[in-house]
Amino acid sequence: MLFGIIWGDYLDRSDIKVCVLRIEGTNNEEEMYNAFKRLGTSPEIVHLKELKDIFDYNCLMIPGGFSAGDYVRAGAIFASRIRAKMANELHKFIDEGWPVGGICNGFQVLVELGLLPGFKRMDYPNACLFLNNSARFECRPTLLKHESKGKCIFTRNIPKGEIMMVPSAHGEGKLLLPKEKDFDKLFENDQVVFRYVDKKGEYAEYPWNPNDSAYNIAGICNEAGNVFGMMPHPERAYFDRNKNGISGMKIFESVLKYIEEK
Amino acid sequence: MSSKQNVFEVDLNLPDEKLLELSQKIGIGLSLDEMKSVKNYFKEKGRSPTDIEIQAIGQAWSEHCCYKSSKNVLKKFIFNLEAPQNIFVIKEDAGVVEFDENYAYVLALESHNHPSAVEPYGGAATGIGGILRDVVCMGAQPVALIDPIFFGPLDLPYKQLPKGVKHPEFLFRGVVAGIRDYGNRVGIPTVSGSVYFHPGYTSNCIVNVGCVGIVKKEDIIHSRVKELGDIFVMVGGKTGKDGIHGVNFASAELHEESETTSRSAVQVGDPITKEPLIHACLEANSKKLLNGMKDLGGGGLSCVVGEMAHAGGFGAKVNLEKVLLKEKDMMPWEIWVSESQERMMLAVSEENLKEVLDIFNKWDVNVVVIGETIPEKRVLVYYEGEKIFDMDSNFLTSGPLYAREVRIVERIQKDIETEKPTDINKILTKMISDPNIASKDWVILQYDHTVRGSTSLTPLWGDVVNFSPQDSAIVKPVEDINKGLVISTAINPFLVEYDPYWGSASAIDEVFRNIVAVGGRPHTLADCLNFGNPEKPERFGDFYQSVMGLNYATKDLKISFSSGNVSLYNESVIGSCPPTPTILCVGIIDDINKKITSNFKKEGNSIYLVGKTEREFGGSLYYRVLGIKDGIAPKMNPKNLVNYSNALLESMKDGIIKSCHDLSEGGLAVAVAEMTFGSDYGAELDLPLIQDMRADEFIFSESNSRWVIEIENDEKFEDFLKKNRIPFMRIGKISGKDLKITQKGETLVDVPIETLRNKWKNAIWNHMG
Amino acid sequence: MSYLKVEVKVGLKEGITDPEGLNIKKSLKLLGFESIENIEVKRSYVIELSGKDEKQIKENVEMMCKKLLVNPVIHDYKVEMIK
Amino acid sequence: MSYLKVEVKVGLKEGITDPEGLNIKKSLKLLGFESIENIEVKRSYVIELSGKDEKQIKENVEMMCKKLLVNPVIHDYKVEMIK
Ligand SMILES: Nc1ncnc2c1ncn2[C@@H]1O[C@H](COP(=O)(O)OP(=O)(O)O)[C@@H](O)[C@H]1O
Ligand SMILES: [Mg+2]
């Protein structure tokens, strides 16, 4: 709270407005809403149709679910509607450093929007969250290792190397990038945030890695660190603390701390 | 009546055989007697009925809608049970039961058997859609879905498949995909269910679907109009030719041509229309804008309008041309009886109408005014200004009731001496890989059971990637409190087939102990009674006995049935399905953080067996594996069940119990094996000599009211149970990496748990891939 | 071993509503593609399999359809050899 | 109003493994269809839309692909008029 005091005016928790964006079939908005509500902020569930100005909010969250049925491709329809409605504003929102997060279907939306990995501004997807190798939707607990060195504003409250159990539930979660080199870049840029591991903390195969994602990647951020997506659901592990007391809550706390300090 | 509007008069002045022929020809399936009373009704009116009127009677009087065979029996043995926690029972689409001072929970359980047999994917999906509507129309937010499903053997050779029947594997795959795609897309977790394979389901698969919802007491809404002036507002999907005669289809035996002739009864669900529909309905309701709400299910508009008006003490007038259609060339009667999915009917007063329309428009959900209430108890339908339907709602809703003939098939049961098998290891392995015991993860993990972020205990639970099956699921329905709903289903068709009375009682016992095993207090029940053709006296005898068994088992439990459903005619040329009274139980756990799970927790802890083991092998897995057809069916004693349960719940509160699992199919040995699967520990059991029973019999008996329990503090536990006179036995401890069972130095079982776990995990995958 | 390619095209029968097609149509309209009247979504399986006899292969593929790929109650399908 | 039909066929780019095809292949093998070598799953959208000018319609459909139907990282596609 000491930072970010501009003209004697700083953000109080209850002044922080989080936009939980939805369309038909988005169905994890209530969990997402609760995650922010419990921390004292003022989240709002907003239908894309009714969104007036993204700059009315301090944070944009795209929740999980099956937006528009996930017909065509997971997240594709939601992404194209967002683009049609507010591509420029959204880019501006991001350029100004406001946080944008997507969980599960929300991650798929951010990828379809071209915002992740977001090496450069583009208006078409430059990655894909592709069908799991098992070719099926799977709901199971997964272990995630936190790998961000500090860039990702959604995980700054989580020590690097920390392992937490977070439920996964998706059919399309395998991250694909156009070129192998793109993965190198992702690592070099500190854009890899979470990776699936086994109990010993080692990168392991299915079912530890539920979708056979390359390099066991479960979550990434953009180059600036303020756009973040992950497949597993921290909002569903909100109260499940690991040995060190870390839970899904930390992700939401991290982003709030960032907003408070911004 | 002009034929201008595509409405035709039907001449009922026909000789008997022609009357019956007519009933079949137009697809309403009424019997001759029923057709005759329709004929008399119109004779008195001095006119002939229109096609739409005849169709409406066909809907309203179907077995599915009016329970004409089962009602008498249900009234006597099921509905008369009372429990103080029940708020509304049976009368509405779903049962409503008290959760705490502010909230009630709602539950419903239904069958979707016939549609699933013909088109498994759409049939199961629309089953989920229907059960969600039943819960939503009470004003409740659905929080959990449940899916007990039953099929023929997966390894059935194609050559043995009866003509016109789909292979169990095809049905299984399709049904699971349908439930998955619908349930996951609407975002309601599927947390409980069961999967059974039995030859009797080959041509009569059973697909039951259940739903539990939560509602603020002040938001509970009825399925009826409230006052004169109420406007009928139809919302959701458009009406099409799909799903015409669904209820009649569900009220007849399946036959070879069902596949082609029943196509119109088959539908594909549309979860992405449903999801906003749920939101919009609940929003309008919580803003107190609705006077009544009912879902359009079996019988479509024809049933919903009459029933809503009738229940409110009024009549209705409908302008049928207002209904939004999917296709242009629909006959009025088709519009009236169509069972198209994702539709709801609201009763709204004039002053709230605009606001209601706005809400539905905001959610992009179709909304249209189609009619209004009228003072006389009649239903009038107009089509472009012309009256095409005019009937007393009394006549419409007072379908026939039958006292069907009951023939009780005597089932001779005798306890027999068997030879002790030489290789118990092998038998246990075989049991573990039996598809009825084997892990159902192929199914369960395809369902999102954690969506809504409120699932506290998932159906499979353990050590990240290794799971033990759990006896119940737990969902926390209200954000601010830690109280949870405990959900479980039970039914063992092999037991019910062997003995409908005791088999049904056993289902109650099992569901009760399942709830207790995770730390829940059983609170209310729902049943879905799936049986064969009730016109056959021996089938109806099974039904009768089963209901008697349910009655016996529940009347001392202080919980009762708050909702239920009957599905008859689950029968085809090659016979009936096994009698299948599926039971759903909802329990309460005051603090979800005190839940007990079934996987072993710590090396060195003691393992106890609670309850009495008897020589009860009738219908057991053990005898099936040995190929023996005799044996005594497991009995159950409600008083013991309650006493043991109370004692266990008490010691759970004290934190003495570390893990707990009930004993069901396969008995003690299978239960202990399952407890090892979800962790890295084995178990060593050393049995004392047991009266009247060999050790192999003891470990496989399926007697009721028993649990396996992991204890850290033996003394405290034993003292407590002794004080309460609960039978128990310390049988061993958690140790090593094997399952070892010995008796007085003799080894019965000694297998690495890894071996057993692989058998258990892979059995269904090996078929389904 | 020689392989042949067969294509199985699967669509919904007339009269069966297709939520997928309807939802995609709705989305495209929202994106401004007003001129769309209807969308059907079809799947096709291109199966490569060993064998020489076209007739036998076709029969084989018909069986695959019956056992796994298609439900004749709601689906129409066509099996075609690809040269 | 006159309508034209266009088919958009979407398949996977070379080098992208198709879990769905592999899975179906596995299931078919379990059902005893040993002769299968490979299965590819394709989707196609049959779009009916108003307009007269083929070229313009094709362009329109190309836009639909870019905006929604196709992800260039994994997909190849083809637009064809249906007569
Ligand atoms: N079709 C299904 N859908 C969801 N959950 C299921 C299904 N079948 C079984 N389960 C869950 O798996 C667990 C174990 O099931 P089961 O072995 O049948 O238990 P039990 O022996 O207590 O009857 C339970 O939690 C049950 O609810
Ligand atoms: Mg159990």
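Residues numbered from 1 in each chain as written. Chains lettered and ligands numbered in written order. Predicted model: local features only at pLDDT ≥ 70, side-chain atom pairs only at ≥ 80, totals over all residues. Heavy atoms only, no water.

1. Considering the overall build of chain C
Helix and strand content of chain C: two helices and three strands. Traced from its N-terminal end to its C-terminal end, chain C shows the element sequence β-α-β-α-β. The C-alpha atoms of chain C give a radius of gyration of 17 Å, which is well past the 12 Å a tight globule of 83 residues would have. By the burial criterion, 47% of the 83 residues in chain C qualify as buried. Partitioning the intrachain contacts of chain C with sequence separation of at least 6 by distance along the chain shows that 70% fall at a separation of at least 24. (Helix = DSSP H or I, 4+ residues; strand = E, 2+ residues; numbered from the N terminus. Rg over C-alpha atoms; globule rule 2.2 N^0.38 Å. Buried < 20%, exposed > 50% of the residue type's maximum accessible area, 1.4 Å probe, protein only. Contact = heavy atoms within 4.5 Å.)

2. Considering the pattern of salt bridges
It is possible for side chains of opposite charge to pair when their charged atoms get near one another. Under the defined criterion, the tally for this structure stands at 66 salt bridges over all chains. E479 of chain B is paired through a salt bridge with R38 of chain A; the nearest N and O atoms lie 2.7 Å apart. Placement of the pair is E479 of chain B in the loop between β17 (473-475) and β18 (484-490) and R38 of chain A in the loop between α1 (29-37) and β2 (42-47), with the two residues belonging to separate chains. Look at R38 of chain A and you get partly exposed, because its relative accessible area is 30%. Across the pair E571 of chain B and K536 of chain B runs a salt bridge, and its minimum N-O distance is 2.7 Å. Of this pair, E571 of chain B sits in strand β21 (residues 571-572) while K536 of chain B sits in the loop between β19 (521-530) and α20 (537-554), and the two are 35 residues apart along the sequence. According to the relative accessible area criterion, K536 of chain B is partly exposed, its value standing at 28%. Via salt bridges that share partners, K45, R378, K387, D390 and D392 of chain B belong to a single interconnected network. (Salt bridge = Lys/Arg side-chain N within 4 Å of Asp/Glu carboxyl O.)

3. Some remarks on the interface of chain C and chain D
Listed by partner, the interface residues are 28 residues for chain C and 30 residues for chain D. Summed over both sides, the interface of chain C with chain D buries roughly 2,800 Å², with 59% coming from carbon and sulfur. Linking chain C with chain D are two salt bridges, by the criterion used here. E20 of chain D is the partner of R43 of chain C in a salt bridge, and the nearest nitrogen-oxygen pair spans 2.5 Å. The interface formed by chain C and chain D holds 14 residue pairs in polar contact (both at pLDDT 80 or more) in total. Of all elements in the fold, only α1 (19-30), β2 (36-50) and α2 (54-69) of chain C reach the threshold of two or more residues within the side of chain C that touches chain D. Broken down by element, the residue count for the side of chain C that touches chain D peaks at 15 residues, all from β2 of chain C. When β2 of chain C meets strand β2 (residues 36-50) of chain D, the two strands line up antiparallel, connected through 13 bridges. Within the sheet, the bridge partner assigned to V41 of chain C lies in β2 of chain D and is Y45 of chain D. (Buried area = accessible area lost by both parts, 1.4 Å probe. Polar contact = N/O pair within 3.5 Å; in protein donor to acceptor, adjacent residues only side chain to side chain. Pairing = 2+ DSSP bridges.)

4. What to know about the site of ligand 1
Residues and elements named next belong to chain B. In the vicinity of ligand 1, 16 residues are found, and the nearest of them are D147, S192, G193, Q470 and E510. Interatomic distance of 2.7 Å between a backbone N/O atom of Q470 and an oxygen atom of ligand 1. Between ligand 1 and D471 there is a distance of 3.5 Å, counted from an oxygen atom to a side-chain nitrogen or oxygen. For ligand 1, whose free accessible area comes to 550 Å², the fraction covered by protein is 90%. The set of elements that each furnish at least two residues to the shell around ligand 1 consists of β5 (190-197), α17 (441-444) and α19 (500-517). For the shell around ligand 1, the leading source of residues is β5, giving four residues. When grouped by side-chain class, the residues that make up the shell around ligand 1 number six nonpolar, six polar and four charged. (Near = heavy atom within 4 Å. Areas by Shrake-Rupley, 256 points an atom, 1.4 Å probe, with all protein chains shown as cover. Nonpolar A, V, L, I, M, F, W, Y, C, P; charged D, E, K, R; others polar.)

5. Things to note about helix α2 (residues 76-95) of chain A
Residues and elements named next belong to chain A. Spanning 20 residues, α2 covers only 23 Å between terminal C-alpha atoms, well under the ideal 28 Å at 1.5 Å per step. Bending of α2 peaks at approximately 90 degrees at the position of M86. α2 sits mainly inside the fold: 14 of its 20 residues count as buried. Just downstream of α2, G97 is the residue with a positive phi angle, here 90 degrees. (Expected span 1.5 Å × (residues − 1). Bend = angle between axes of the 7 residues up to and from the residue.)

6. Description of helix α8 (residues 168-186) of chain B
All names here are of chain B. With 19 residues, α8 should reach 27 Å at 1.5 Å per residue; the first-to-last C-alpha distance of 27 Å fits that figure. Across the 19 residues of α8, 19 count as buried, placing the element largely inside the fold. With its phi angle positive at about 80 degrees, G187 sits one or two positions after the end of α8.

7. Section: the coordination of the magnesium ion (ligand 2)
Protein coordination of the magnesium ion (ligand 2) is provided by D471 of chain B (OD), N514 of chain B (OD1) and D662 of chain B (OD), with donor distances spanning 2.1 to 2.4 Å. Among the residues examined, D662 of chain B registers a relative accessible area of 2% and is labelled buried. (Donors = N, O, S within 2.8 Å, 3.2 Å for Na, K, Ca; no water.)

8. Notes on the confidence of the model for chain C
Residues and elements named next belong to chain C. Residues at a pLDDT of 70 or more form 99% of chain C, whose mean pLDDT is 88. For chain C, α1 is the element with the lowest average pLDDT, namely 89, and β2 is the one with the highest, namely 92. In the predicted complex, the global pTM is 0.94; the interface-specific ipTM is 0.93. (pLDDT = per-residue confidence, 0-100.)

9. Section: the state of the cysteines
Residues and elements named next belong to chain A. Following the criterion strictly, the structure yields zero disulfides over all chains and no others. Counting only cysteine sulfurs, C104 is the nearest neighbor of C128, a cysteine outside any disulfide, at a range of 14 Å. Free cysteine C221: the closest other cysteine sulfur is in C152, separated by 4.5 Å. (Disulfide = S-S within 2.5 Å.)

10. Quick word on the relation of the copies chain C and chain D
With an RMSD of 0.4 Å, the fit of chain C onto chain D corresponds to turning through 180 degrees and sliding 0.0 Å along the axis. Taken together, these values place the two copies in the relation of a two-fold axis. Closest approach to the rotation axis within chain C is made by the C-alpha atom of R43 of chain C, at a distance of 2.1 Å. Mapped onto chain D, 100% of the interface residues of chain C again fall at the interface, so both copies present the same surface. (Least-squares fit on C-alpha atoms with pLDDT ≥ 70 in both.)

11. Focus on the packing of aromatic side chains
The full count for this structure, using the stated rule, is 33 aromatic pairs over all chains. Both rings, one in F55 of chain A and one in F93 of chain A, keep their centres 5.5 Å apart while their planes meet at 75 degrees; by these two values the pair is edge-to-face. Here F55 of chain A, found in the loop between β2 and β3 (59-62), pairs with F93 of chain A, found in helix α2; they are 38 residues apart in sequence, far enough to count as distant. Judged by its relative accessible area of 29%, F55 of chain A is partly exposed. Judged by centre distance (5.1 Å) and plane angle (80 degrees), the rings of Y501 of chain B and W502 of chain B are edge-to-face. An identical accessibility class is assigned to Y501 of chain B and W502 of chain B; each is buried. Every member of this aromatic cluster is reached through a ring pair, and the members are F36, Y238, F239 and F252 of chain A. (Phe/Tyr/Trp six-rings, centres within 6.5 Å; stacked < 30°, edge-to-face > 60°.)

12. A closer look at the packing of helix α23 (residues 667-677) of chain B against helix α26 (residues 753-768) of chain B
All names here are of chain B. Two elements in contact, α23 and α26, have axes separated by 10 Å at closest approach and are oriented at 95 degrees. Judged by the angle between their axes, α23 and α26 are roughly perpendicular. Where α23 approaches α26, its residues A673, E674, T676 and F677 are matched on the opposing element by I753, L756, R757 and W760. Per-class residue counts for the contact of α23 with α26 are five nonpolar, one polar and two charged. (Axes fitted to C-alpha atoms, helices over the stretch in contact; angles between N-to-C directions. Parallel < 35°, antiparallel > 145°, perpendicular 65-115°, else oblique.)

13. Thoughts on the pairing of strand β26 (residues 683-687) of chain B
Residue and element names in this part refer to chain B. Alternating positions in β26 separate cleanly, A683, L685 and L687 being buried on one face and E684 and D686 remaining unburied on the opposite face. In terms of strand pairing, β26 meets strand β29 (residues 738-743) through five bridges, oriented parallel. Bridge pairing in β29 links L687 to Q743.

14. Observations concerning the interface of chain D and chain B
Contacts between the two partners involve four residues from chain D, matched on the other side by eight residues from chain B. Of the roughly 400 Å² buried where chain D meets chain B, counting both sides, 56% is carbon and sulfur surface. Ranking the residues of chain D by area buried against chain B places S27, L30 and L31 of chain D at the top, with a combined share of 79%. For the interface between chain D and chain B, the tally reads zero salt bridges. Counting the contacts that link chain D with chain B gives zero residue pairs in polar contact (both at pLDDT 80 or more). Tallied by class, residues from the side of chain D that touches chain B come to two nonpolar, one polar and one charged.

15. Things to note about the sheet that holds strand β3 (residues 75-82) of chain C
The strand order across the open sheet formed by six strands is β3(C)-β1(C)-β2(C)-β2(D)-β1(D)-β3(D), and the pairing between neighbours is antiparallel. Here the strands that pair on one side only, and so sit at the sheet edges, are β3 of chain C together with β3 (75-82) of chain D. Neighbour to neighbour, the strand axes of the sheet diverge by 25 degrees on average, direction disregarded. In this structure, strand β1 (residues 3-12) of chain C lies alongside β3 of chain C, joined through eight bridges in antiparallel fashion. The residue bridging V10 of chain C from the neighbouring strand is Y77 of chain C, located in β3 of chain C. Seen against the sheet, α1 of chain C touches β2 of chain C together with β2 of chain D and runs at an angle of roughly 125 degrees to β2 of chain C.

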